[in-house]
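Spelled out from the first residue to the last, the chains are:
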Amino acid sequence: MKKIQMVDLKGQYEKIKTTVDQSILEVLDSTAYINGPKVHEFQSNLENYLGVKHVIPCANGTDALQIAMMGLGLKPGDEVITADFTFAATVEVIALLQLTPVLVDVDEKNFNIDIEAIKKAITPKTKAIVPVHLFGQCANMEAIMEIAQEHNLYVIEDNAQAIGATYTYSNGKKAKVGTIGHVASTSFFPSKNLGCYGDGGAIFTNDDDLAHTIRGIVNHGMYERYHHDVVGVNSRLDSVQAAVLNAKLPNLDTYNSARIKAANAYDKAFEGQEKIVTPHRDGAEDNHVFHQYTLRVLDTDRDALVKHLNENGIPCGVYYPIPLHLQKAYKDSRYNEADFKVTNQLVKEVISLPMHTELDDEQISFITNTVINFINNN
């Protein structure tokens, strides 16, 4: 059996080595390292893939989220509602911009932001909602957009983990996540479903005026060299990373299908295990593209399971071990523990198993048998 990796970037690279190497060599030959042709080519190709009017590449996913908020003109003190159960970058940029983060609980089944919790959190100061498509599964965008329209709020999709996922509306209409809200951000961190070989990110929007504003922000506020029209930052996707992404983008649907296939195999192996809750899926199969395959383990010492898996050569992760509302940086007297029942339970139970495009049946069998044997014998 091959060595089990949490993410097998080398195995993936070996299958597309010729294409990736050639794409990078074209950048080296051109010496257009910043904002070169490869960046524009990738931007156009990603716009076509997503069916969105504007993709604005930038340096990383955290910048993408911050720049999206800057583009909307949110002001210090404005309240932004987002999920308590997610990576810190989501709330980090809210705080950095001196906005007021309002953390709310998540849905027990899909771990995405709870719709009723959003409704309860809205005040006259609320200006935006940031749904996170956690672990690769679409948040309930139809309901979120209805709330936003009713209360005149912006919706900023945090799509760092779900690029390529498809949201299906109640009437059967479909749209790629990241194209539904007013603006969206994504990350191209190497382990993502579409990852580069360093840092990278992008902002998506169908709003022409907002896209224009954001294009200035990512480049020091310039539309014309040395003419600074807005307050900006330095956040550009470099051409080498764009070359990698351009080589990988045609494979994204194949990559996501491989992840879904691996998730299906995991699900089948865990059938009938009363202490194991496999990932819930809302709607069609491509609603969840499995950036992570995250279990809940009930009546089990989760941390002991992590140790056991590591001792058996199986990497795993706990995403996330501490709720954001309990992190030292984001504690706030406004929060009531009773409002975070689901998140407070999830952080004790979740464990993410290896998930990537190169997983094979032998590896999945070994992983699942090791998990089952531990849970049933402890």
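Residues numbered from 1 in each chain as written. Predicted model: local features only at pLDDT ≥ 70, side-chain atom pairs only at ≥ 80, totals over all residues. Heavy atoms only, no water.

Chemist: Account for the nonpolar core, with residues named and values stated.
Modeler: If you look at the biggest cluster of nonpolar residues, it comprises 39 residues, and the most contacted ones within it are Ile-81, Phe-85, Ile-118 and Ile-144. Of all the secondary-structure elements, those providing two or more residues to this core are strand S2 (79–83), strand S3 (100–104), helix H5 (115–121), helix H6 (141–151) and helix H11 (341–349). Per-element accounting of this core gives the leading share, 5 residues, to H6. What Ile-81 contacts, discounting residues up to four positions off in sequence, is Val-102, Val-104, Ile-113, Ile-118, Ala-121, Ile-122, Thr-126, Ala-128, Ile-129 and Val-130. Judged by nonpolar contacts, the second largest core, of 26 residues, contains Tyr-266, Phe-290, Val-297 and Ile-351. (Core = buried A, V, L, I, M, F, W, Y, C linked by side-chain atoms within 4.5 Å. Buried < 20%, exposed > 50% of the residue type's maximum accessible area, 1.4 Å probe, protein only. Helix = DSSP H or I, 4+ residues; strand = E, 2+ residues; numbered from the N terminus. Contact = heavy atoms within 4.5 Å.)

Chemist: I'd like a rundown of the sheet that holds strand S12 (residues 276–277), residues and numbers included.
Modeler: Within a sheet, each strand pairs with its neighbour through backbone hydrogen bonds, oriented either parallel or antiparallel. Pairing is antiparallel in the open sheet, where 3 strands are placed in the order S12-S13-S14. Two strands bound the open sheet, and with one partner strand each, they are S12 and strand S14 (350–353). Bridge count for S12 against strand S13 (residues 293–297) is 2 bridges, and the pairing is antiparallel. What sits directly across from Ile-276, in S13, is Val-297. Of the strands in this sheet, S13 and S14 touch helix H10 (residues 302–311), which is tilted by about 20° from S14. (Pairing = 2+ DSSP bridges. Axes fitted to C-alpha atoms, helices over the stretch in contact; angles between N-to-C directions.)

Chemist: Report on the packing of aromatic side chains, specifying residues and quantitative values.
Modeler: A full pass over the atoms with the stated rule returns 14 aromatic pairs. Judged by centre distance (5.5 Å) and plane angle (75°), the ring pair of Phe-42 and Phe-188 falls under edge-to-face. Of this pair, Phe-42 sits in helix H2 (residues 37–50) while Phe-188 is found in the loop between strand S8 (183–187) and strand S9 (201–205), placing the two residues 146 residues apart along the sequence. Given the relative accessible area of 0%, Phe-42 is considered buried. With 6.4 Å between their ring centres and 35° between their planes, Phe-87 and Tyr-320 make a pair best called tilted. Residue Phe-87 is located in the loop between S2 and helix H4 (89–96), and its partner Tyr-320 is located in the loop between H10 and H11; the two are separated by 233 residues in the primary sequence. Looking at Phe-87, the relative accessible area reads 49%, which means it is partly exposed. Classification of Tyr-320 as buried rests on a relative accessible area of 12%. Pairwise contacts between aromatic rings join Phe-85, Phe-87, Phe-111, Phe-135, Tyr-319 and Tyr-320 into one cluster. A cation over an aromatic ring shows up here: Lys-173 above the ring of Tyr-169, its NZ or CZ 4.9 Å from the ring centre. (Phe/Tyr/Trp six-rings, centres within 6.5 Å; stacked < 30°, edge-to-face > 60°. Lys NZ or Arg CZ within 6 Å of the ring centre and 35° of its normal.)

Chemist: I'd like to hear about helix H9 (residues 252–269), residue by residue, with values.
Modeler: Between the first and last C-alpha of H9 there are 26 Å, a value that for 18 residues agrees with the 26 Å anticipated at 1.5 Å per step. Buried residues of H9: Leu-252, Tyr-255, Asn-256, Arg-259, Ile-260, Ala-262, Ala-263, Tyr-266 and Asp-267, and no others. For H9, the angular spread of the buried residues around the axis is 160°, confining them to a single face. Structural note: H9 exposes Thr-254, Lys-261 and Lys-268 on the side pointing more than 90 degrees away from its buried face. In this fold, the buried residues of H9 make contact with helix H1 (9–30), H2, helix H8 (239–248), S13, S14 and helix H12 (361–376). (Expected span 1.5 Å × (residues − 1). Arc of directions from axis to C-beta.)

Chemist: Outline the sheet that holds strand S1 (residues 54–58), listing residues and values.
Modeler: Pairing is mixed across the open sheet formed by 7 strands, whose spatial order is S1-S9-S8-S5-S4-S2-S3. In this open sheet, the two edge strands, each paired with only one partner strand, are S1 and S3. Sheet twist, expressed as the mean angle between neighbouring strand axes with direction ignored, is 25°. In this sheet, S9 lies alongside S8 in antiparallel orientation, the contact comprising 4 bridges. Within S9, the residue paired with Thr-186 across the bridge is Ala-202.

Chemist: Tell me about the packing of H1 against H8, and please be specific about residues and values.
Modeler: Put simply, H1 and H8 touch, their axes get as near as 8 Å, and they point 135° apart. When the interaxial angle is binned, H1 and H8 end up oblique. The handedness of the crossing between H1 and H8 is right-handed. In contact with Gln-12, Ile-16, Thr-19, Val-20, Ser-23, Ile-24 and Val-27 of H1, H8 contributes Ser-239, Val-240, Ala-243, Val-244, Ala-247 and Lys-248. In terms of residue class, the contact of H1 with H8 is made up of 8 nonpolar, 4 polar and 1 charged. (Parallel < 35°, antiparallel > 145°, perpendicular 65-115°, else oblique. Left-handed = near helix turned anticlockwise from the far one by under 90°. Nonpolar A, V, L, I, M, F, W, Y, C, P; charged D, E, K, R; others polar.)

Purely geometric numbers; function is a separate question.
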